[in-house]
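Summary of the model geometry
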Amino acid sequence: MLRDEIIEAVEAVGFDEYREIDATDLIFADAVFASCKQNTCGNYGKNHSCPPLSGDMEKNKSRFLKYDHAIILNKLAHMGDFYEKMEEAGKEVAATLNQLREKLDGKAVMIAGPGGCDRCDPCAAKEDEPCRFPDEKRYSMEGSGLDIVSMSRKENMTYNGGNNTLGFFMMVLY
Ligand code: SF4
């Protein structure tokens, strides 16, 4: 059963928290989607998995809602006393997500993560070229308009663990 295979992979890779929900309980927010325009991460218009290249809010929503189930994953990372380990933490989280992608390769799932797709460096969008691996593109949760703060509260998951420890949220849809 696909659900059991996903859970087995999630537990093998090792996340701090996960919750299983119906895809219809995903929370989208126009404000989250619109905030990408501020381009604080530098991916706006520079990554095929992020706005505006990933489509409008409706297109992003429908990409998730064509699945029935979602598993919200959280990996907690300590940012360092002065947030000096932020980049290192981001790389560790990306490596964790890539391990999960490898374990679920070929399964009928969609995996979304924090930030834009990192399959290529740089993303072809930076060179105004089409996506090189459309079937392997990984969509951004925030860039898809998912309201992670509200969902983490609703599901009683750790967004801010205190002591400069933050939750990095990811998702498997099936
Ligand atoms: S697969 Fe490569 S080109 Fe396509 S969105 Fe990801 S990083 Fe960009």
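Being a predicted model, the structure only gives us computed values, none of them experimental.

Here is what the cut-offs are and how they apply
- Residues numbered from 1 in each chain as written.
- Predicted model: local features only at pLDDT ≥ 70, side-chain atom pairs only at ≥ 80, totals over all residues.
- Heavy atoms only, no water.
- Buried < 20%, exposed > 50% of the residue type's maximum accessible area, 1.4 Å probe, protein only.
- Helix = DSSP H or I, 4+ residues; strand = E, 2+ residues; numbered from the N terminus.
- Pairing = 2+ DSSP bridges.
- Disulfide = S-S within 2.5 Å.
- Expected span 1.5 Å × (residues − 1).
- Arc of directions from axis to C-beta.
- Contact = heavy atoms within 4.5 Å.
- Patch = residues over 30% accessible without salt bridge, like charges linked within 9 Å, V, L, I, M, F, W, Y side chains within 5 Å.
- Areas by Shrake-Rupley, 256 points an atom, 1.4 Å probe, with all protein chains shown as cover.
- Salt bridge = Lys/Arg side-chain N within 4 Å of Asp/Glu carboxyl O.
- Lys, Arg positive; Asp, Glu negative; His and termini not counted.
- Charge placed at Lys NZ, Arg CZ, Asp CG, Glu CD.
- Axes fitted to C-alpha atoms, helices over the stretch in contact; angles between N-to-C directions.
- Left-handed = near helix turned anticlockwise from the far one by under 90°.
- Nonpolar A, V, L, I, M, F, W, Y, C, P; charged D, E, K, R; others polar.

The subject of this paragraph is the pairing of strand β6 (residues 165-173). Taking burial as the measure, the nine residues of β6 include eight buried ones, the bulk of the element. Across nine bridges, the pairing between strand β2 (residues 69-78) and β6 is antiparallel. Bridge pairing in β6 links His 78 to Thr 165. Relative to β6, strand β3 (residues 110-113) is paired through three bridges, and the arrangement is antiparallel. From the neighbouring strand, Ala 112 faces β6, where its bridge partner is Met 171. Sheet analysis places strand β5 (residues 160-162) next to β6, joined by two bridges and oriented antiparallel. Bridge pairing in β6 places Asn 160 opposite Leu 166. From the end of β5 to the start of β6, which pair antiparallel, there are two residues, and Asn 163 there has a positive phi angle of about 50 degrees.

What follows is about the state of the cysteines. The tally for this structure, following the rule as stated, stands at zero disulfides. With no disulfide of its own, Cys 50 lies closest to Cys 41 among cysteine sulfurs, the gap being 5.7 Å. The exposure class assigned to Cys 50 is buried, which follows from its relative accessible area of 5%.

Taking 1.5 Å per residue as the helical rise, helix α1 (residues 2-13) with its twelve residues ought to reach 16 Å, and the 17 Å between its terminal C-alpha atoms agrees with that figure. For α1, the set of buried residues is Ile 6, Ile 7, Ala 9, Val 10 and Val 13. The arc that holds every buried residue of α1, seen down its axis, measures 160 degrees, which confines them to one face. For α1, the exposed residues set more than 90 degrees away from the buried face come down to Glu 8, Glu 11 and Ala 12. Where α1 is buried, its residues contact β1 (17-22), β2, α4 (86-103) and β6. Two residues or fewer after α1 comes Gly 14, characterised by a positive phi angle close to 95 degrees.

Time to look at a negative patch on the surface. A surface patch of like charges, here negative, comprises Asp 81, Glu 84, Glu 88 and Glu 92. In this structure, Glu 84 sits in the loop between β2 and α4.

Moving on, we get to the packing of α1 against α4. Between α1 and α4, whose axes approach to 10 Å, the crossing angle comes to 145 degrees. In terms of crossing hand, the pair formed by α1 and α4 is right-handed. For the pair α1 and α4, the contacting residues are Ala 9, Val 10, Ala 12 and Val 13 in the first and Thr 96, Gln 99, Leu 100 and Lys 103 in the second. For the contact of α1 with α4, a count of residues per class yields five nonpolar, two polar and one charged.

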